[in-house]
Each structure stands twice: as structure tokens, then as C-alpha cells.
Amino acid sequence: MDIDPEHNKSGLWGGLAGLIVAAIIAVPLSAAFAFATNPGTQQLFAGRLEEATRGGYQAFWWIVTLLLLSLPFLVGFGVAKLSVKSLTIVGAIVALFIIAIMVMGQLFIF
């Protein structure tokens, strides 16, 4: 039983790329998850972050956590399956997510 009859190694490269990205974002992912699940961490940040609403603070960190969690899968899938044009579209979507997080950070935190 041959899983890859055409001997295409793009799936392996995609898996490797996803694994590398997961290793790189492991610490920020755990920190974002800790901030999202423990609203007491809001006290750790000085300034206007202390004045943000609890819901806004948690929503911001949950969105950051979900984005970081999806990043290795997006990178792996992109390397394995997509063409240059599709990779550009996925890159634009990731850029829009990052911009949305920055805007939410400005609204709720700063």
C-alpha cells in the first residue's frame, strides 16, 4: 500500500514547516493562553491595560491564542498544497488577522 504513489514530498515538507513554526511559537502561545485564562494577569500590565474591561482583555488574548494556534497548520498546509498565488492569498489573510489584533489591542488595551 503506497500512500504517495507519485512520490511527492510536499506533504512531508509541509509537516516539517508546521513543526518548526509550532516550536518557534510555543512560548508565546503558552503565554497568550495563560493571559486569556487568568484575568488576574491583567494586574501585571501597568498603564491603560489595567483599565481595560475584563471581557475585552480576555477576548484580545483568546484571539491572539487562536491565531497562534492556527499558524503552524496554515504554514504546513500552505507549503504542502498551495501554489504561489494561493500562498499570497493566505499570507494576506494572516496579515489581516495581525492587523485586526493590533486594532483590537489599540481599542481594548491602549
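Residues numbered from 1 in each chain as written. Predicted model: local features only at pLDDT ≥ 70, side-chain atom pairs only at ≥ 80, totals over all residues. Heavy atoms only, no water.

J.: Sorry if this is basic, but what is going on with the nonpolar core here?
T.: Soluble, globular proteins show a tendency: their nonpolar side chains are buried together. If you look at the biggest cluster of nonpolar residues, it comprises 14 residues, and the most contacted ones within it are A32, F60, W61, V64, L68 and I101. The set of elements that each furnish at least two residues to this core consists of α2 (26-37), α4 (54-81) and α5 (84-108). If we skip the residues at most four places from it in the chain, I101 touches F60, I63, V64 and L67. (Core = buried A, V, L, I, M, F, W, Y, C linked by side-chain atoms within 4.5 Å. Buried < 20%, exposed > 50% of the residue type's maximum accessible area, 1.4 Å probe, protein only. Helix = DSSP H or I, 4+ residues; strand = E, 2+ residues; numbered from the N terminus. Contact = heavy atoms within 4.5 Å.)

J.: What's the story with the environment of G55 in this structure? I'm lost.
T.: Note on placement: G55 falls in helix α4. Sequence separation between G55 and A36 is 19 residues, and the spatial gap between their C-alpha atoms is 9.9 Å.

J.: For this particular structure, what's the right way to read the environment of W62?
T.: Considering the arrangement of structural elements, one finds W62 in helix α4. Classification of W62 as partly exposed rests on a relative accessible area of 35%. Linking W62 and A34, residues 28 residues apart in sequence, is a C-alpha distance of 9.7 Å. The residues touching W62, leaving out its near neighbours within four places in the chain, are F33, A36 and T37.

J.: Just to check I follow, could you spell out the packing of α2 against α4 for this structure?
T.: Relative placement of two packed helices is described by the angle separating their axes and the distance separating the axes. In contact at an axis separation of 8 Å, α2 and α4 are set at 150° when each is read in the N-to-C sense. Judged on the interaxial angle alone, α4 and α2 are roughly antiparallel. For the element pair α2 and α4, the recorded crossing hand is left-handed. For the pair formed by α2 and α4, the contact residues are P28, L29, A32, F33, F35, A36 and T37 on the first element and Y57, Q58, W61, W62, V64, T65, L68 and L69 on the second. Its residues assigned to classes, the contact of α2 with α4 comprises 12 nonpolar, 3 polar and no charged. (Axes fitted to C-alpha atoms, helices over the stretch in contact; angles between N-to-C directions. Parallel < 35°, antiparallel > 145°, perpendicular 65-115°, else oblique. Left-handed = near helix turned anticlockwise from the far one by under 90°. Nonpolar A, V, L, I, M, F, W, Y, C, P; charged D, E, K, R; others polar.)

J.: Before we go on, may I ask you to explain helix α1 (residues 10-24) in this structure?
T.: Every α-helix winds through 3.6 residues per turn, so residues three or four apart in the chain are directed the same way. An ideal rise of 1.5 Å per residue puts 21 Å on 15 residues; α1 measures up with 21 Å between its terminal C-alpha atoms. Listed in full, the buried residues belonging to α1 are G14, A17, G18 and V21. Buried residues along α1 cover an arc of 100° about the axis, so they all sit on one side. Seen from the open side of α1, the exposed residues pointing more than 90 degrees away from its buried face are L12, L19 and A23. Buried residues in α1 make contact with α4. (Expected span 1.5 Å × (residues − 1). Arc of directions from axis to C-beta.)

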